[in-house]
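Here is how the chains run, residue by residue.
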Amino acid sequence: MKRRVVVTGLGIVSPLGVKLEEVWSRVVNGESGIRPISLFDASAYSVRIAGEVPNWSTDGYVAPKDVKRLDRFVQFGLVAGIDAVRDSGIDFSKEDPYRCGACVGTGIGGLLEIEIQHRRLLEKGPERVSAFTIPKLMPNAASGHISIEFGLRGPSQAVATACASASTAIGDALRVVQRGEADVIVAGGTEAAVTTLGLSAFAAMKALSERNDNPAAASRPFDADRDGFVLAEGAACLVLEELEHAKQRGARIYCELLGYGATSDASHITQPDKEGTGAAEAMRRAMRDAQVGPTDIGYINAHGTSTPLGDQAETQALKNVFGEFARQVSISSTKSQLGHSLGASGAIELVLTTLALCRGVIPPTINYTTPDPACDLDYTPNVARERKFAHAMSNSFGFGGHNASLVIGVLKDA
């Protein structure tokens, strides 16, 4: 029998702030975290907007002497992990360290460090490249530093499945706890790709919105006038814990992580399957794993990136899975407010989905003004909605054809 896994801690770093309640309040109120880029001079770029983490600081989390050894994506992940652990109330000094671990996804890793050191190599020569380069840019640096921070000696790993990275990491962590290989895993995702190269590369693909004159309205999932996603940064972590372990220490339990499903489109390296076939199967697998059916799901936090093809494919996938009930389930894309943080997005969205379940509030899809006949479901346009529900789903789909779906539910029979 699979062991039951619950969520006992949440941490978030986002364009709408870094404190859980602050971010939740701003999301529910329909605020946007999309602004003109300030991290570098973007005046010569075709895209000049992004979802930056405002006023970023590691004060209170990382010793000043250690900050220079951490790429921005690692800083985000470490802070989100520390906040999640603090929120959970767990004292790892009282735990068996070999029964505790970390699993953190990232789509790109230390892109900023790559840019900095490449520039240094060209301008100053190979002897001036930093000895910290590899430890800063490697994708597993975030999970490694979280493990070091708390002395977690159990499974520690990184996952890279593009924009599905965080959801895949959380799903992998779920399996580790279910199998009995660990009792507690700090799981999530982190990304800091709002850099000169990151912005240029995505812009060259024509994947980004060019609404530079109206940043707050640029991310508009499922709207007929959407013109691409908005690049963003951030991180989120959740403390996943075996149910009996959590109960024994008197933990506050947010919800139960019930199911995980993953598939591959196996069709195109960047474009989604137009029929959403792989995405649909990931959702079905997550529900089978959770032992729930389509009519049990009250809310879906959609991948909803604001791209013409992606939103249409996800809508079709939802119709394929949920049938007529697809028009009754509440759906929203919080990327409308936060932008697309790539490998971190699935964790950020699962944190918000967890709060939606606990608070009985559906976050809105802002900037939804012009209905698209190909996207005709209930996307909770512009205004949050009160609704009690027992189960929710969070979807993540990434370049490479990676699909991941997670199902959570109110804790029952415990």
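A brief look at the structure comes next. Bear in mind the structure is a predicted one, so any value in this text is a computation, not a measurement. (Residues numbered from 1 in each chain as written. Predicted model: local features only at pLDDT ≥ 70, side-chain atom pairs only at ≥ 80, totals over all residues. Heavy atoms only, no water.)

**Here's the deal with the overall build of the protein chain**
Quick note on the threshold: Counting from the N terminus, the helices are DSSP H or I runs at least four residues long and the strands are E runs at least two residues long. Here the globule rule reads 2.2 Å times residues to the power 0.38, and the radius of gyration is calculated from C-alpha atoms. Here the term buried applies to any residue with accessible area under 20% of the maximum for its type, exposed to any over 50%, and partly exposed to those in between, with areas from a 1.4 Å probe on protein chains only. Contacts are assigned to residue pairs with any non-hydrogen atoms lying within 4.5 Å of each other. Calculation of accessible area relied on Shrake-Rupley with a 1.4 Å probe; when residues are assessed, cover is drawn exclusively from the protein chains displayed.
Of the regular secondary structure elements, the protein chain holds 13 helices and 14 strands. Relative to the globule expectation of 22 Å for 414 residues, the C-alpha radius of gyration of the protein chain, 20 Å, shows essentially globular dimensions. Oriented by its inertia axes, the alpha-carbon framework of the protein chain measures out at about 65 × 55 × 40 Å. Counting every position in the protein chain, which comprises 414 residues, the buried fraction comes to 60%. Intrachain contacts of the protein chain at a sequence separation of at least 6 include 79% that bridge at least 24 residues. When the accessible surface of the protein chain is totalled, it reaches about 15700 Å², and 51% of it is carbon and sulfur.

**So, helix α11 (residues 308-322)**
We count it as follows: Expected helix span is given by 1.5 Å per residue-to-residue step, counting one fewer step than there are residues.
Counted at 1.5 Å a residue, the expected span for α11 with its 15 residues is 21 Å, and the 22 Å between its end C-alpha atoms agrees. Three or more residues of α11 are buried, namely Asp311, Ala313, Glu314, Thr315, Ala317, Leu318, Val321 and Phe322. Against the buried residues of α11 lie α10 (277-290), β9 (299-301), β10 (330-332) and β13 (391-398). Phi turns positive one or two residues past the end of α11, at Gly323, with a value near 60°.

**Some thoughts on the environment of Pro215**
Take Pro215: it is sitting in the loop between α8 (196-204) and β7 (234-242). With 183 residues separating them in the primary sequence, Pro215 and Ser32 have C-alpha atoms 8.6 Å apart. With residues near it in sequence (within four places) discarded, Pro215 still touches Ile34, Arg35, Pro36 and Ile49.

**What about the environment of Val407?**
In this structure, Val407 sits in strand β14 (residues 402-409). For Val407, a relative accessible area of 0% translates into the label buried. As for Val407 and Ala169, which are separated by 238 residues in sequence, their C-alpha atoms are 14 Å apart. Here Val407 is in contact with Glu256, Leu257, Leu258, Gly259, Ala286, Met287, Ala290, Val292, Ile297, Ala392 and Met393, once residues within four sequence places are set aside.

**A short note on the environment of Pro294**
Among the secondary structure elements, Pro294 is positioned in the loop between α10 and β9. Not counting residues up to four positions away in its chain, the partners in contact with Pro294 are Met287, Val321, Phe322 and Phe325.

**What about the side chain of Ser88?**
Formally: Counted as a polar contact is a pair of N or O atoms within 3.5 Å, where, for protein atoms, one must be capable of donating a hydrogen and the other of accepting one, and residues adjacent in sequence contribute only when both atoms are in side chains.
Within the secondary structure, Ser88 sits in helix α3 (residues 72-88). Classification of Ser88 as buried rests on a relative accessible area of 5%. Polar contacts involving the side chain of Ser88 include one to the main-chain amide nitrogen of Ile90, which spans 3.2 Å. Setting aside residues up to four positions removed in sequence, Ser88 forms contacts with Thr8, Gly9, Val239 and Arg249.

**Describing the nonpolar core**
We count it as follows: The criterion is simple. A nonpolar core is a set of buried Ala, Val, Leu, Ile, Met, Phe, Trp, Tyr and Cys residues joined through side-chain atoms within 4.5 Å.
Among the nonpolar cores identified, the biggest contains 47 residues, and Leu10, Ile12, Ile170, Ile185, Leu238, Leu240 and Leu352 are the most heavily contacted of them. A per-element tally of this core places helix α13 (residues 345-359) first, with eight residues. Discounting residues that sit within four places of it in the chain, Leu10 has contacts with Leu20, Asp83, Ala84, Asp87, Cys237, Leu238, Tyr254, Val351, Thr354 and Leu355. The next biggest cluster of nonpolar side chains, apart from the first, holds 31 residues, and it includes Val62, Cys100, Leu152 and Val184.

**Looking at the pairing of β14**
Selection criterion: When DSSP finds at least two bridges between two strands, those strands are taken to pair.
By the criterion of burial, β14 is predominantly enclosed, with seven of the eight residues buried. Examined bridge by bridge, strand β8 (residues 255-264) and β14 share eight bridges and lie antiparallel to one another. Pairing of Ala262 across the sheet is with Ala404, part of β14. In this sheet, β14 lies alongside β13 in antiparallel orientation, the contact comprising eight bridges.

**Let's talk about the pattern of salt bridges**
Here is the rule: Each salt bridge in this description consists of a side-chain nitrogen of Lys or Arg and a carboxyl oxygen of Asp or Glu lying within 4 Å of one another.
Per the counting criterion, the structure on display carries 27 salt bridges. Here Arg211 ties to Asp227 by a salt bridge, and the two come within 2.9 Å at their closest N and O atoms. One end of the pair, Arg211, is in the loop between α8 and β7; the other, Asp227, is in the loop between α8 and β7, with 16 residues separating them in the sequence. A relative accessible area of 30% means that Asp227 is categorised as partly exposed. In this structure, a network of salt bridges that share partners links the residues Glu281, Arg284, Arg285 and Arg288.

**Some thoughts on the packing of helix α1 (residues 20-28) against α13**
Spelled out, the test is: Only C-alpha atoms enter the line fits that serve as axes; for helices the fit covers just the stretch in contact. Angles between N-to-C directions range over 0 to 180 degrees. Roughly parallel means an angle under 35 degrees; roughly antiparallel, over 145; roughly perpendicular, 65 to 115; everything else is oblique. All amino acids are sorted into three groups, where Ala, Val, Leu, Ile, Met, Phe, Trp, Tyr, Cys and Pro are nonpolar, Asp, Glu, Lys and Arg are charged, and the leftover types, Gly among them, are polar.
For the pair α1 and α13, interaxial distance at closest approach is 11 Å and the crossing angle is 75°. One element, α1, and the other, α13, form an angle in the roughly perpendicular class. Facing Leu20, Glu21, Val23, Trp24 and Val27 of α1, the residues of α13 in contact are Val351, Leu352, Leu355, Ala356 and Arg359. Split into classes, the residues belonging to the contact of α1 with α13 amount to eight nonpolar, no polar and two charged.

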